[in-house]
Amino acid sequence: MADHAIVADNLGKEFFLGENTARDRVRQALHAVTPRSLAPKIESLWAVRNVSFNIARGEAVGIIGHNGAGKSSLLKVLSRVTRPTEGTATIRGRVGTLLEVGTGFHPELTGRDNIFLSGSILGMTRSEVARKFDEIVAFSEIEQFLGTPVKRYSSGMYVRLAFAVAAFLDPEILIVDEVLAVGDSAFQRKSLGRLNTAATEQGRTVLFVSHNLQAIRNFCKRVLILEKGRLIFDGPTQEGIEQYLKSVSVSINLRNVKLKDRLNRTTGAVRFTETVCLNGQDKATWDIQSGDTARIRFNYEVMEDVPDMMFQLKLLDANSGATITTITEKTPKPLNKGAAGTIEVVLPEIPLRPFELSLYGWLGRIDGKFAYDVIDENVSLPYLKIFSDNATWGDRDGFINLPHRVSLLA
């Protein structure tokens, strides 16, 4: 037991549904002290229930699951942001956390002050933080804004500094939520590299929630899968990812998925409502044979009158985030409120070798001044997975099948 950095024993977290008014709080208090048969009826939700596991010191563990599975709630309990409703969580070691944007910093303090404040919370002396200060600043790349209160930071700037603080102030346990998806792709890659170093070279305990399955594959040998607040899998990474992918619906309803996040970045005048991928045999699947045809369909609905619309689809390397190709289509005519339609992208005879692609979809005005809607990793789209049945190692190496002829000349 002494070798375990984290011990979760029958953890549960219950949330009461409502507007959190004074009346709600009184009802909750009565609910807690009144016999159940006499207590006022209130609705509640168990975000986490009956979850038990042990994590050894120096182990890197990924946590995956659908939106609403309880992943973030579990991390908040483990990082002491909220108390469990039932069960216990034993944490042995100094914890660095990166949860939602806005957690951990004082908004009125400058970036510099928040670095030292975070170090103090971790039990470090000012001189210990000062020795790490230059590394934190260099990694975050926001040196010119250190004297500015963090309430004026963009979400990307905030995440850069928050991650640098969490990663470089020598935590023995690092707890990271999907908040990294807010940053740009270059910073995401750098951050994932830092996590990899912490897990594989520095022997730190890492708990990592992400929908980037390739990142979890790279440095987590073990995954936990949550479903409706319960732990349904605890085991080897590849086995867990395969089980998780089997549970991902081939037709993705996008109407309310991360809608608040999408509306923060767009006008919402036109919204994606559903997406699905079909192979050359019209079977709905996100696993496409190399050389086969894929048809990716996006349904949308018009929420407000718009003068025109442009659709953009980026196919990205799921591992590095690099853009493989960008596809664009324009609709110059006005679209009226209440209209709906489908955009189909056909990828004929895909020449890629075994590969995983992430999707970035965008709807907006043709002049690019306004974005109507956007879907990316925050929306948890499945990867477009290219596979090959050819067992020849040469046909699996590299990224693309180029047309070629080979002749053996005497």
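For the structure itself, consult the block above.
Every chain is numbered independently, its residues counted from 1 as its sequence is written. Reporting in this predicted model follows two pLDDT cut-offs: at least 70 for local features of residues, and 80 or more for side-chain atom pairs to be given and counted; totals over whole chains, interfaces and linings ignore these cut-offs and use all residues. Computation of side-chain values covers all heavy atoms of the structure but excludes hydrogens and water.

Caption draft 1: Seen up close, the environment of F53. As for its placement among the helices and strands, F53 is situated in strand β2 (residues 44–56). Here the alpha-carbon distance between F53 and D9, two residues 44 residues apart in the chain, equals 6.8 Å. When checking whether two residues touch, look at their non-hydrogen atoms; a contact exists if any pair is within 4.5 Å. Discounting chain neighbours no more than four positions away, the residues touching F53 are I6, V7, A8, L74, L78, R222, L224, L231 and D234. In DSSP terms, a helix is any run of H or I states spanning at least four residues, a strand is any run of E spanning at least two, and both are numbered starting from the N terminus.

Caption draft 2: A look at the nonpolar core. The biggest cluster of nonpolar side chains holds 48 residues, and the ones touching the most others in it are I115, I136, L161, L195, F208 and F219. When residues in this core are grouped by element, the largest group, 11 residues, is from helix α5 (residues 155–168). Grouped together as the second largest cluster of nonpolar side chains are 35 residues, W286, F355, L359 and L363 included. Nonpolar cores are built from buried Ala, Val, Leu, Ile, Met, Phe, Trp, Tyr and Cys residues. Side-chain atoms within 4.5 Å join them into one set. Any residue under 20% of the maximum accessible area for its type is buried, any over 50% is exposed, and the rest in between are partly exposed; the area is computed with a 1.4 Å probe on protein chains only.

Caption draft 3: Region of the structure containing the packing of helix α3 (residues 111–121) against helix α4 (residues 126–140). In the contact formed by α3 and α4, the axes pass within 10 Å of each other and the chain directions differ by 130°. The orientation of α3 with respect to α4, classified from their angle, is oblique. Here α3 runs over α4; the crossing is right-handed. Where α3 approaches α4, its residues R112, I115, F116 and G119 are matched on the opposing element by R126, V129, A130, F133, I136 and V137. Axis definition: a line fit to C-alpha positions, over the contact stretch in the case of helices; interaxial angles, taken between N-to-C directions, run 0 to 180 degrees. We call two directions roughly parallel when the angle between them is under 35 degrees, roughly antiparallel when it is over 145, roughly perpendicular when it lies between 65 and 115, and oblique otherwise. Note: crossing handedness is left-handed where the near helix turns anticlockwise from the far helix by less than a right angle, and right-handed where it turns clockwise.

Caption draft 4: A look at α5. Taking 1.5 Å per residue, 14 residues should reach 20 Å; α5 reaches 20 Å between its end C-alpha atoms and fits that length. Most of α5 is tucked away: 12 of the 14 residues are buried. Turning to α5, its buried residues number three or more, namely M157, Y158, V159, R160, L161, A162, F163, A164, V165, A166, A167 and F168. Between a side-chain oxygen at the N-terminus of α5 and the backbone nitrogen of M157 the separation is 3.2 Å; the capping residue is S154. Positive phi appears at D170, one or two residues downstream of α5, with a value of about 55°. Take the number of residues in a helix, subtract one, and multiply by 1.5 Å to get its expected span. Here a polar contact is recorded for every N or O atom pair within 3.5 Å, except that within protein the pair must consist of a potential hydrogen donor and a potential acceptor, and residues adjacent in sequence are included only if both atoms are side-chain atoms.

Caption draft 5: Looking closely at unusual backbone geometry. Phi at K228 takes a positive value of approximately 50°, unusual for a residue other than glycine. Owing to a relative accessible area of 71%, K228 belongs among the exposed residues under this scheme. Even without being glycine, D282 reaches a positive phi, approximately 60°. Residue placement: D282 occurs in the loop between β11 (270–278) and β12 (287–289).

Shape is all these values report; function is a separate question.
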